[in-house]
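Residue-level listing of the chains:
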Amino acid sequence: MDPLLYRLSIIFSSLIVSLFPAIGADEVTVVFKNDSTYNGTDDTYIKRGASFSGGMSNFGACKMMQVNEETRISLMRFDVSSLFKKYKKINSITLRLYSKNAPKQGTIHAHRLSLANSAWREGGNCGGNHIGGNRHEVTWMHLVDYGGFPSPPPSWASRTAGPTSPGIDYHEKALGSKKNSESKINEVFDIEFNGDLTTLIDDWSLASPEKRIKDKGGNPCWTVDWNWSQPAAETANEGILLKGSEGSIHEFYTSETEDKSLRPQLIIKYIPRLK
């Protein structure tokens, strides 16, 4: 071989290796889903309405959650603290949901909640009116219902009912989106996250549920109890807000559904740190 061509081939090969590292050999995939070995998923939805028409109701124990643009917002959080300091780079994050009704109009957007709203608690009801009683669970009106009637002012970051203010209640730019037209009943509905995924997991992996503190649904709490005055306590894992682009209600199975294969998953692929 011509010496010049040989040197060029070596340089070209080095460039290929540097630009495209051997991800296939090193990449690790971890799946977070409530089952017999993991119980770190919070998932629920909140419903827009007056106190006795859903606004003060909790849906944390429901086997499905609902999402649309203005009247149904879903909240999710996964305990990823087991990844702390285990990765060099996060390659991909997929929020895997399973559709219960597969509407064809609109789009589902996944956003980061604001840190100011990170104290929300899943709760242990599936509808009904549970006003007062210091139940400490999320409703349309409050991060946690802290009792009293008439109810205290809304405790979301925007100080309005429902976490509906972009840039205040949740990050304006979506982590990822997917059209409802791509959904099928009882089949995968994957939302691929974009942006700085490593920084996202850097934040989320810092936090874990508080030991010995549970909400009324028996779910772990991510913040210590506080005196319900504002601002609320915060955690580094604020969670995910799901909202639609129009009025169609998309129903997804939650971690409470009996069929474990239909429960939500957070799928993370990463390059491990060198020991």
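Located above this text is the structure these notes cover.
Predicted, not measured: the structure shown is a model, and the values here were computed from it.

**Regarding the nonpolar core**
Thought 1: Counting 33 residues, the largest nonpolar core has Phe 193, Leu 242, Leu 266 and Ile 268 as its most contacted members.
Thought 2: Counting residues per element, the ones that place at least two in this core are β3 (64–67), β4 (72–78), β5 (87–98), β6 (107–112), β8 (188–192), α3 (197–204), β11 (240–244) and β13 (265–272).
Thought 3: In this view, Ile 268 contacts Val 28, Thr 29, Val 30, Phe 32, Val 80, Leu 83, Ile 90, Ser 92, Ile 93 and Ile 201; residues no more than four positions away in its chain are not counted.
Thought 4: If you look at the next biggest cluster of nonpolar residues, it comprises 16 residues, including Leu 113, Ala 119, Trp 226 and Leu 241.

**Describing the layout of surface pockets**
Thought 1: Computed from the structure, the second largest pocket encloses a volume of approximately 190 Å³.
Thought 2: Along its surface, the second largest pocket is lined by Arg 112, His 171, Lys 173, Ala 174, Leu 175, Asn 194, Gly 195, Asp 196, Leu 197, Thr 199 and Leu 200.
Thought 3: The dominant element in the lining of the second largest pocket, judged by the number of residues it contributes, is α3, at 3 residues.
Thought 4: Taken together, the residues of the lining of the second largest pocket break down into 4 nonpolar, 4 polar and 3 charged.

**Observations regarding the sheet that holds strand β2 (residues 41–47)**
Thought 1: Taken in spatial order, the 5 strands line up as β2-β4-β11-β6-β7 in an open sheet, and their pairing is antiparallel. Lying at the two open borders of the sheet, with one neighbouring strand each, are β2 and β7 (176–179). Taking each pair of neighbouring strands and ignoring which way they run, the sheet shows an average axis angle of 20°.
Thought 2: The pairing of β2 with β4 spans 7 bridges and is classified as antiparallel.

**Brief notes about the pattern of salt bridges**
Thought 1: As enumerated under the stated definition, the model contains 5 salt bridges in all.
Thought 2: Measuring nitrogen to oxygen at the nearest pair gives 2.4 Å for the salt bridge that ties Glu 258 to Lys 63. Of this pair, Glu 258 sits in the loop between β12 (250–253) and β13 while Lys 63 sits in the loop between β2 and β3; the two residues are 195 residues apart in sequence, bridging distant segments of the chain.
Thought 3: Arg 112 is paired through a salt bridge with Glu 238; the nearest N and O atoms lie 2.8 Å apart. You can see Arg 112 sitting in strand β6 and its partner Glu 238 sitting in the loop between β10 (220–221) and β11, a full 126 residues away along the chain.
Thought 4: For Arg 112, a relative accessible area of 14% translates into the label buried.
Thought 5: Among the charged side chains, a network of salt bridges with common partners joins Arg 112, Asp 203 and Glu 238.

Parameters and conventions
Residues numbered from 1 in each chain as written. Predicted model: local features only at pLDDT ≥ 70, side-chain atom pairs only at ≥ 80, totals over all residues. Heavy atoms only, no water. Core = buried A, V, L, I, M, F, W, Y, C linked by side-chain atoms within 4.5 Å. Buried < 20%, exposed > 50% of the residue type's maximum accessible area, 1.4 Å probe, protein only. Helix = DSSP H or I, 4+ residues; strand = E, 2+ residues; numbered from the N terminus. Contact = heavy atoms within 4.5 Å. 1 Å grid on protein atoms, 1.4 Å probe; cavity = no way out; pocket = protein on both sides within 12 Å on 5 of 7 lines; lining within 4 Å. Points joined across faces, edges and corners; volume = space filled by probe spheres on them. Nonpolar A, V, L, I, M, F, W, Y, C, P; charged D, E, K, R; others polar. Pairing = 2+ DSSP bridges. Axes fitted to C-alpha atoms, helices over the stretch in contact; angles between N-to-C directions. Salt bridge = Lys/Arg side-chain N within 4 Å of Asp/Glu carboxyl O.

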